[in-house]
Amino acid sequence: MIDCIFCQIANHEIDATIVYEDEEIIAFEDIDPQAPVHVLVVPKKHIHTLIDLKENEGEILEQLVGVAKTVAVMKHVDHRGFRFVLNCNPEGGQTVYHLHAHVLGGRKMNWPPG
Ligand code: 5GP
Ligand code: ZN
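Residues numbered from 1 in each chain as written. Chains lettered and ligands numbered in written order. Predicted model: local features only at pLDDT ≥ 70, side-chain atom pairs only at ≥ 80, totals over all residues.

In the nomenclature of an unreviewed UniProt entry, the chain corresponds to Histidine triad (HIT) protein from the organism Vecturithrix granuli.

Take a look at the structure:
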């Protein structure tokens, strides 16, 4: 999708620090990290929000979770612990309207989140 920053990263049109990539998914460092580990896991297909994900696209969520686990292992937070976050729509805290999940770790996470 034109003007979508995550599509542009997925297409290698703008730079990001990529930590994982396959045919369907790309994972890269968040530009404004909220924890020592803060990686965004993004399907290459443009899907606006979690609510827009169709029933027959459930495989994309499986892939997001699988890559998030791979990233957690790569970043050595798998056993220490990490957080997998998916913000949806304004009150969910979504600011980039291309489906993505956050992998946050390397410090103690607070609960409940603000
Ligand atoms: P959201 O609030 O939509 O769940 O998360 C969007 C995330 O994307 C934010 O954590 C923000 O820092 C990150 N972000 C926004 N623009 C860019 C960018 O151009 N490059 C990278 N690497 N991260 C970005
Ligand atoms: Zn997009």
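1. Observations concerning the overall build of the chain
Definition in use: Each helix is a run of H or I in the DSSP string that is no shorter than four residues. Each strand is a run of E no shorter than two, and both are numbered from the N terminus. Only C-alpha atoms enter the radius of gyration, while the globule expectation follows 2.2 Å times N to the 0.38, with N the number of residues. Each residue is classed by its C-beta neighbour count within 10 Å, where at least 20 other C-beta atoms makes it buried, 12 or fewer makes it exposed, and intermediate counts make it partly exposed; the C-beta atoms are placed from backbone geometry.
On a plain count of helices and strands, the chain comes out with 2 helices and 5 strands. Going from the N terminus to the C terminus, the chain shows its helices and strands as α-β-β-β-α-β-β. The C-alpha atoms of the chain give a radius of gyration of 14 Å, which matches the 13 Å a tight globule of 114 residues would have. Its C-alpha atoms give the chain principal-axis dimensions of roughly 35 × 30 × 25 Å. Within the span of the chain, comprising 114 residues, buried residues form 24% of the whole.

2. Side note on the nonpolar core
In summary, soluble globular proteins display a tendency toward joint burial of nonpolar side chains. Here is the rule: We define a nonpolar core as a collection of buried residues of the types Ala, Val, Leu, Ile, Met, Phe, Trp, Tyr and Cys that are connected via C-beta atoms lying within 7 Å of each other. Whether two residues are in contact depends on their C-beta atoms, placed from the backbone: they are in contact if these lie within 7 Å.
Among the nonpolar cores identified, the biggest contains 21 residues, and Ala-27, Val-39, Val-41, Val-42, Ala-68, Val-71 and Val-103 are the most heavily contacted of them. Going through the elements one at a time, α1 (5-10), β2 (25-29), β3 (37-43), α2 (58-74) and β5 (101-105) are the ones with two or more residues in this core. Apart from residues lying up to four places away in sequence, Val-41 is in contact with Ile-25, Ala-27, Leu-64, Val-67, Ala-68, Val-71, His-100, Ala-101 and Val-103.

3. Points about α2
In plain terms, the rule: To estimate the expected span of a helix, subtract one from its residue number and multiply by 1.5 Å. Summarising the geometry, the arc corresponds to the directions from the helix axis toward the C-beta atoms.
The end-to-end C-alpha distance of α2 is 25 Å, a good match for the 24 Å that 17 residues give at a rise of 1.5 Å each. Every buried residue of α2 is accounted for by Leu-64, Val-67, Ala-68, Val-71 and Ala-72. The buried residues of α2 occupy an angular sector of 145° when the element is viewed end-on, so they sit on one face. What points out from α2, more than 90 degrees from its buried face, is the exposed set Gly-58, Glu-59, Glu-62 and Val-73. Each element contacted by the buried residues of α2 is listed here: β1 (18-21), β2, β3, β4 (82-85) and β5. Of the residues trailing α2, His-76 is marked for its positive phi of about 60°.

4. Some remarks on the site of ligand 1
Short version of the rule: In this entry, near means the residue's backbone-placed C-beta atom lies within 6 Å of the molecule or strand. We call Asp, Glu, Lys and Arg charged. Ala, Val, Leu, Ile, Met, Phe, Trp, Tyr, Cys and Pro are nonpolar, and the rest, Gly among them, are polar.
In the vicinity of ligand 1 there are 13 residues, among which Ile-31, Asp-32, Asn-87, Thr-95 and Val-96 approach most closely. By residue class, the composition of the shell around ligand 1 is 6 nonpolar, 4 polar and 3 charged.

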